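# Architecture and fold: a report
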Amino acid sequence: MNGTVRSLVPRLGTVCRAGAVALIAGVYRSRSFAEINDKIAARPVAEQAAIVLAALMAMFILSLIAAQFGWVGMLALWLAVIIVVN
């Protein structure tokens, strides 16, 4: 079990960082995805984790707010995410 966790954690971190970078790049349009990814990857691991956690927590909080408006709110949230990431 321990070996499985050790092999999955770096991959999970990379996937989460890619999602956070996509969201940041969608909001901050003057920089490309690769540029933002390189800047975040150059930071220490603790700062990378803080940036990724902040971006994903912001999405989680926004999803809770959107859920208060039912399926219409969730559709609006998905549409906003698609527009931002696109």
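### Focus on the overall build of the chain
The secondary structure content of the chain amounts to 4 helices and 0 strands. Its C-alpha atoms give the chain principal-axis dimensions of roughly 40 × 40 × 20 Å. Going through the 86 residues of the chain one by one, you find that 19% of them count as buried. Counting only contacts in the chain whose residues sit at least 6 apart along the sequence, the fraction spanning at least 24 positions is 39%. With the model as given, the accessible surface of the chain reaches about 6300 Å², and the carbon-plus-sulfur share is 73%.

### Focus: the packing of helix 1 (residues 2-27) against helix 2 (residues 33-41)
The interhelical angle for the contact between helix 1 and helix 2, taken along N-to-C directions, is 125°, at an axis separation of 9 Å. Compared by their axis directions, helix 1 and helix 2 come out oblique. Once helix 1 is placed against helix 2, the crossing between them reads as right-handed. Mapping the contact onto sequence places Arg17, Ala18, Val21, Ala22, Ile24 and Ala25 in helix 1 and Phe33, Ile36, Asn37, Ile40 and Ala41 in helix 2. In terms of residue class, the contact of helix 1 with helix 2 is built from 9 nonpolar, 1 polar and 1 charged.

### Side note on the environment of Ala66
Checked against the element boundaries, Ala66 lands in helix 3 (residues 45-67). Here the alpha-carbon distance between Ala66 and Ala76, two residues 10 residues apart in the chain, equals 7.6 Å. Setting aside residues up to four positions removed in sequence, Ala66 forms contacts with Gly73, Met74 and Leu77.

### Overview of the environment of Gly73
Here Gly73 lies in helix 4 (residues 70-85). Residues Gly73 and Ser63 lie 10 residues apart in sequence; the distance between their C-alpha atoms is 8.6 Å.

### Regarding the confidence of the model for the chain
On average, residues of the chain score 90 in pLDDT, and 99% of them are at 70 or above. Looking at the elements of the chain, mean pLDDT is at its lowest for helix 1, recorded as 87, and at its highest for helix 3, recorded as 93.

### Some thoughts on the side chain of Arg17
Looking at where Arg17 falls in the secondary structure, it is placed in helix 1. An unpaired buried charge is present at Arg17: no salt bridge exists, and Asp38, the closest side chain of opposite charge, is 7.6 Å distant. Dropping the residues within four chain positions of it, Arg17 is found in contact with Asn37, Ile40, Ala41, Gln48 and Val52.

### Thoughts on helix 1
The terminal C-alpha atoms of helix 1 lie 38 Å apart, and with 26 residues this matches the ideal 38 Å at 1.5 Å per residue to within 8%. Taken together, the buried residues of helix 1 touch helix 2, helix 3 and helix 4.

Each value, and the rule that gives it
Residues numbered from 1 in each chain as written. Predicted model: local features only at pLDDT ≥ 70, side-chain atom pairs only at ≥ 80, totals over all residues. Heavy atoms only, no water. Helix = DSSP H or I, 4+ residues; strand = E, 2+ residues; numbered from the N terminus. Buried < 20%, exposed > 50% of the residue type's maximum accessible area, 1.4 Å probe, protein only. Contact = heavy atoms within 4.5 Å. Areas by Shrake-Rupley, 256 points an atom, 1.4 Å probe, with all protein chains shown as cover. Axes fitted to C-alpha atoms, helices over the stretch in contact; angles between N-to-C directions. Parallel < 35°, antiparallel > 145°, perpendicular 65-115°, else oblique. Left-handed = near helix turned anticlockwise from the far one by under 90°. Nonpolar A, V, L, I, M, F, W, Y, C, P; charged D, E, K, R; others polar. pLDDT = per-residue confidence, 0-100. Lys, Arg positive; Asp, Glu negative; His and termini not counted. Salt bridge = Lys/Arg side-chain N within 4 Å of Asp/Glu carboxyl O. Expected span 1.5 Å × (residues − 1).

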